[in-house]
Amino acid sequence: MERRCVLNSWSKEEVRAVIHYEWARGVSGTEIHNRLVEVYGPGVMSKQMVRRWCRTFSDGRQQVEDILRAGRTRTATTDANVGKVDDIIRANRRITIDEVAAELGISHERAQNDILRYRKVSARWMPR
């Protein structure tokens, strides 16, 4: 009797390594996907993505880790700005996000999402 266990946690790199191994053995993308679903569950990766990875390995790629890509550097999220925000909020807990953004010269969204590391709770700033 064969015992099957569905793995609930997995990393992208682990799944890609399995795809790379199975592809090297000559298994088709559809069959690789079926095996992944059998072991990792239905939310593991789409069939199209498995086929894309097989094609990528066919093109010569060997690594399963993400390739670093150039992107826009974050200029608002600096240690200096984080420290300034902390000082500003400690001095006046009723300050608004717009006031913090204006004082630092950054956008509202950047102040809210990236550097505050605080959240508004009942008109008071609380550390996340």
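Before any of the text, the structure's been laid out above.
Not measured: the values here are computed from a predicted model. (Residues numbered from 1 in each chain as written. Predicted model: local features only at pLDDT ≥ 70, side-chain atom pairs only at ≥ 80, totals over all residues. Heavy atoms only, no water.)

Draft legend 1. Geometry of the overall build of the protein. For the protein, the count of helices and strands is six helices and two strands. In the protein, the order of α-helices and β-strands from amino to carboxyl end is α-α-α-α-α-α-β-β. When each of the 128 residues of the protein is scored for burial, the buried share is 30%. Restricting the contact set of the protein to residue pairs at least 6 apart, pairs at least 24 apart contribute 52%. Here the protein has roughly 9300 Å² of accessible surface; of this, 48% comes from carbon and sulfur atoms. (Helix = DSSP H or I, 4+ residues; strand = E, 2+ residues; numbered from the N terminus. Buried < 20%, exposed > 50% of the residue type's maximum accessible area, 1.4 Å probe, protein only. Contact = heavy atoms within 4.5 Å. Areas by Shrake-Rupley, 256 points an atom, 1.4 Å probe, with all protein chains shown as cover.)

Draft legend 2. Broad picture of the packing of aromatic side chains. All told, the structure shown has three aromatic pairs when counted by the stated rule. With centroids separated by 5.6 Å and ring planes inclined at 40 degrees, the aromatic side chains of tryptophan 53 and phenylalanine 57 adopt a geometry described as tilted. Residue tryptophan 53 and its partner phenylalanine 57 are located together in helix H3 (residues 47-58), separated by four residues, close to a single helical turn. In this structure tryptophan 53 comes out as buried when scored by relative accessible area, which is 10%. With a relative accessible area of 1%, phenylalanine 57 lands in the buried category. Cluster of aromatic residues (ring-pair linked, three or more members): Trp23, Trp53 and Phe57. (Phe/Tyr/Trp six-rings, centres within 6.5 Å; stacked < 30°, edge-to-face > 60°.)

Draft legend 3. Broad picture of helix H2 (residues 29-40). Across its 12 residues, H2 extends 16 Å between first and last C-alpha, which sits within 8% of the 16 Å expected from 1.5 Å per residue. For H2, every residue scored as buried is listed here: Gly29, Ile32, His33, Leu36 and Tyr40. Down the axis of H2, the smallest arc covering the buried residues is 100 degrees, so these residues share one side. Here the buried face of H2 lies against helix H1 (12-24) and H3. Immediately beyond the C-terminal end of H2, within one or two residues, lies glycine 41, with a positive phi of roughly 100 degrees. (Expected span 1.5 Å × (residues − 1). Arc of directions from axis to C-beta.)

Draft legend 4. Expanded view of the nonpolar core. Counting residues in each nonpolar core, the largest one holds 13 residues, and the members touching the most others are Val15, Ile19, Ile32, Leu36, Val44, Met45 and Val50. Put simply, the parts of the chain that give this core at least two residues each are H1, H2 and H3. When residues in this core are grouped by element, the largest group, four residues, is from H3. Judged by nonpolar contacts, the second largest core, of 10 residues, contains Ile89, Ile95, Val100 and Ala111. (Core = buried A, V, L, I, M, F, W, Y, C linked by side-chain atoms within 4.5 Å.)

Draft legend 5. Quick peek at the side chain of arginine 16. Looking at the element boundaries, arginine 16 is found in helix H1. With relative accessibility at 7%, the residue arginine 16 sits in the buried group. Aside from chain neighbours lying at most four places away, what touches arginine 16 is Trp53, Phe57, Val64, Glu65 and Asp66.

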